[in-house]
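Remarks on the overall topology
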Amino acid sequence: MTSTQRWPEQGWALLQLLLVVLLSQAEEPVCRQRGDPESPQLFKHGDIILGGTFSFHSRWKDRQETYMHKPLPLECTSLNFRDFQFAQSMLFAIEEINNSTDLLPGVSLGYKIYDTCGSIARSVRVALTLTNGNEIVSAPSEEPCTKPAQVQAIMGETSSSPTTAIATVIGPFHIPMISHFATCACLSDKSKYPSFLRTIPSDYYQSRALAQLVKHFGWTWVGAIRANNDYGNNGMATFIEIAQQLDICLEYSVSFFRTDPSDKIQKMIEIIKASTSRVIVAFLSHMDMDVLIHELSHHNLIGYQWVGSEGWIFDSQTAATDKYHILDGAIGLSIPKAHVSGLKAFMMNVKPLNSSNNKMFTEFWETLFSCKFNQSKSSAEIQRDCTGQEDLTGVQNSFTDMSLMPIFNNVYKGVYAVAHALHSMLSCNKTCTKDLQLDPITILQHIQNIHFKTKDGEEVYFNENGDPAAKYEIINWQPREKGIVDFVSVGLYDASLSADKQLNLQNTSLIWAQNSQQVPVSVCSEKCPPGTRKVLQKGKPVCCYDCIRCAEGEISNITDSVTCTRCPPEFWSNNRRDACIKKEAVFLSFEEIMGALLTTASLFGTCMTALVAYIFFRNRKTPIVRANNSELSFLLLFSLTLCFLCSLTFIGRPSEWSCMLRHTAFGITFVLCISCVLGKTMVVLMAFRATLPGSNVMKWFGPAQQRLSVLGVTLIQIIICILWLIISPPFPSMNFKEFKDKIILECALGSAVGFWAVLGYIGLLAVLCFICAFLARKLPDNFNEAKFITFSMLIFCAVWITFIPAYVSSPGKFSVAVEIFAILASSFGLLICIFIPKCYIILLRPEKNTKKNMMGKGAIK
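Here goes a summary of the coordinates provided.

Calculation notes
Residues numbered from 1 in each chain as written. Predicted model: local features only at pLDDT ≥ 70, side-chain atom pairs only at ≥ 80, totals over all residues. Heavy atoms only, no water. Helix = DSSP H or I, 4+ residues; strand = E, 2+ residues; numbered from the N terminus. Pairing = 2+ DSSP bridges. Axes fitted to C-alpha atoms, helices over the stretch in contact; angles between N-to-C directions. Expected span 1.5 Å × (residues − 1). Buried < 20%, exposed > 50% of the residue type's maximum accessible area, 1.4 Å probe, protein only. Contact = heavy atoms within 4.5 Å. Core = buried A, V, L, I, M, F, W, Y, C linked by side-chain atoms within 4.5 Å.

Some words on unusual backbone geometry
Cis geometry marks the peptide bond from Gly156 to Glu157, where omega comes out at -5°. Tracing the chain through its elements places Glu157 in the loop between strand 8 (153-155) and helix 4 (160-170). Even without being glycine, Asp560 reaches a positive phi, approximately 60°. Counting through the fold element by element, Asp560 comes out in the loop between strand 23 (554-555) and strand 24 (565-566).

The following block contains the structure:
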């Protein structure tokens, strides 16, 4: 139909609406309710009326409204025995109060209880009905069309979403509303719901308790299913917030409602199938859980560990529905056990013929006993007639099941809270003031301030948000024989205690999914052991990570470490990377092979020098010893002995004194040694110069001058060493750079200038000595000592020239070994080249050891 075709129809409808408005203005002014009047399903007259809203039916028939005519009333289906039990708890409390002489004496309480079918729209309609009433009251035009509320307080609703709708409507009128099972934390907001109170703890605490429970068992990778209403969405939002603070990750979080189409539920099941988490947190009502179990059973989804909210975890009908043991081992929170004496007998005595609310009781009775009142004899669908006197004692169904006694108790406490507030307002003693005009605001204030104990000893009071104290029992589903499930209490949660004491699990053996005795494991990644660190997997939650081994020199000594800690400089990581161990101290010791060999070589050189000195001393009067200043020869042997021995100061653990001694002793003894060699060389040169005509050189280079020259040359080195020790002496240090897992104990030079000045001075003397010896090598003499000095200096210079790069490039103790080797090699070079030829003549060729032979021109043969 085009828009031009629709215009006449739309115009006609607009004209009709205008005529209705004009005619209504012409009528006598009245307070008229819009829509059809609502009649309560259960009612009783009394001096003071309490309202009640319960979902006697859990579903309703969907209709596709065309809005071409007035919509029909909501058609409710699926009788809900649970809420009928809640209503009976309210009736029991009212009956008990009416029969009491201590509470509201002489005042009778009545009630108007409506069925909301769990529908938000119908809940709003019922709220308005309880507020306004159904009567059409004429009123003169000069008076306001107002009157007192029909009820003084409203008990209910069971679910959070309908409760939110009702509390929103009645909030501006300040009519108290006390819920027994609406747990949404949003209802604690007094700015939105100023007249709402409840006798069940807020999900603000339940969500936190569930998160702590999940954390307690080490489940860091979980799935979540929530009811798509205020109860599920708000409760799960708080759970997720706290879970993130506790390092718990959600693999998925899906919502559904029991009236959702099957394809949406199928998508949710596919998500569960594809998941890797083995724990599911379900924030659902018992009606939603019943639907979910039915769907899960078709897919054989067993083996998951369920964590439940109080909406279903202790519901016996849900347990009876679980024929495939999907929920076996479930754990969750429930309202603490309670007992209301006399309530069970009251419920068992329900009879439809005893009630003035015959229509509601009739439907209940027919459903309960599968019978029909006044049925036609021709009907084949009904098995038998109802008499109305059937006995409930032997009936086993959800109505006779008393497992929801804690919730019945919540209804009971809510009614008594109103009664105690009215008792205070009416100044009741033996009688009450009946002519007092009841004001909803005043009633609300009195309810908020009540504090009393029930007949069974339970304290009742509300905090500033209208909530009771938050306490939960921790329930574990433990299957028994014949499919029976025991709801075993395994712990408590008390929000009034300190954070570390709120969750208290008893030492009771728990049953887990598939009757396992072991706590299920549900993690995205296994815990990282000590010695590793966590590295997050790209694009995944923080609970998904890889365990990377700590690098060398780093450790982690806790499980699931985020970082590795570097060991202190003197320590290194062990092979497992979970502890720092002290690094091995490395130095050239006497015990190791290299140190022992060098020590042996040093002692051998010392002994060899001593032996030569002994031979020279025994033959000190022979020409070969007397030639070329025997004093310098003995001084040279002494200095060589010191050279051999000073190498021992380089071996062993460095200390402050050994570091200063080794370099200065080495420098001074070597200068003494070379100064002696230089003196002997100069003696050779001067001796042959003295044979020239007119030469008096030996006058100026006699023994005294030779001694002074040796002393002067050595003194210069002593001064260099003293300055070095004063300005910046060598000191023991720990080298961490050469090896990662070892400490090199070495002697730091202190002043590099001082060290190289000492070596440079030795090198300068060695070069000078070499030059002089080289110049004197061809002088006529059968035993020209200059030749051997030249060769020894050649060895000495070669050793120390190669020493420099070898020393610089050798790591750790090997640099010390190189220096010792250079000392020993150069010392052996001097000893062998200068003294061994003489010892050879002394010991093996004594015939050559004559003055004549020393002065001859032939070579030694």
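Overview of the sheet that holds strand 28 (residues 731-735)
The three strands lie next to each other as 27-29-28, forming an open sheet whose pairing is mixed. The sheet terminates laterally at strand 27 (584-586) and strand 28, the two strands that pair on one side only. When strand polarity is set aside, the average angle formed by the axes of neighbouring strands in this sheet is 30°. Pairing analysis gives five bridges linking strand 28 to strand 29 (residues 742-748), with the strands arranged antiparallel. Each residue of the ladder has a partner; that of Met734, found in strand 29, is Leu745.

Some details on helix 19 (residues 703-727)
At 3.6 residues per turn, the α-helix brings residues three or four places apart onto the same side. Taking 1.5 Å as the rise per residue, helix 19 with 25 residues should run 36 Å; its terminal C-alpha atoms sit 36 Å apart, in good agreement. Every buried residue of helix 19 is listed here: Gln706, Val710, Val713, Thr714, Gln717, Cys721 and Trp724.

Here we look at the sheet that holds strand 12 (residues 249-256)
Across the sheet, eight strands lie side by side as 12-11-13-14-15-18-19-20; this open sheet has mixed pairing. Where the open sheet ends on each side, the last strands, each with one partner, are strand 12 and strand 20 (503-505). Taking the axes of each pair of neighbouring strands and ignoring which way they run, one obtains an average angle of 25° across the sheet. Contacts from helix 6 (residues 230-245) reach strand 11 (221-227), strand 12 and strand 13 (279-283), with the element oriented near 160° to strand 11.

What to know about the environment of Phe196
Inspection of the secondary structure assignment puts Phe196 in strand 10 (residues 196-198). Since its relative accessible area comes to 1%, Phe196 is described here as buried. In this view, Phe196 contacts Thr163, Ala167, Met177, Ser179, Ala182, Leu187, Lys190, Asn465 and Gly466; residues no more than four positions away in its chain are not counted.

Digging into the environment of Phe399
By the secondary structure assignment, Phe399 is in the loop between helix 11 (358-369) and helix 12 (405-425). Distance from Phe399 to Leu368, taken between C-alpha atoms, is 8.2 Å for residues 31 residues apart in sequence. Among residues more than four places away in sequence, those in contact with Phe399 are Phe81, Phe84, Gln85, Gln88, Met347, Val350, Phe364, Leu368 and Leu392.

Notes on the nonpolar core
In terms of nonpolar packing, the biggest core is built from 128 residues, with Met90, Leu104, Ile225, Trp306, Trp312 and Ile331 touching the most fellow members. Looking at which element gives the most residues to this core, the answer is helix 12, with 13 residues. Each residue touching Leu104, except ones within four places of it in the same chain, is listed here: Ile97, Leu109, Ala419, Leu422, His423, Leu426, Cys428 and Cys432. Ranked by size, the runner-up nonpolar core spans 66 residues in total, among them Met608, Leu765, Cys769 and Phe796.

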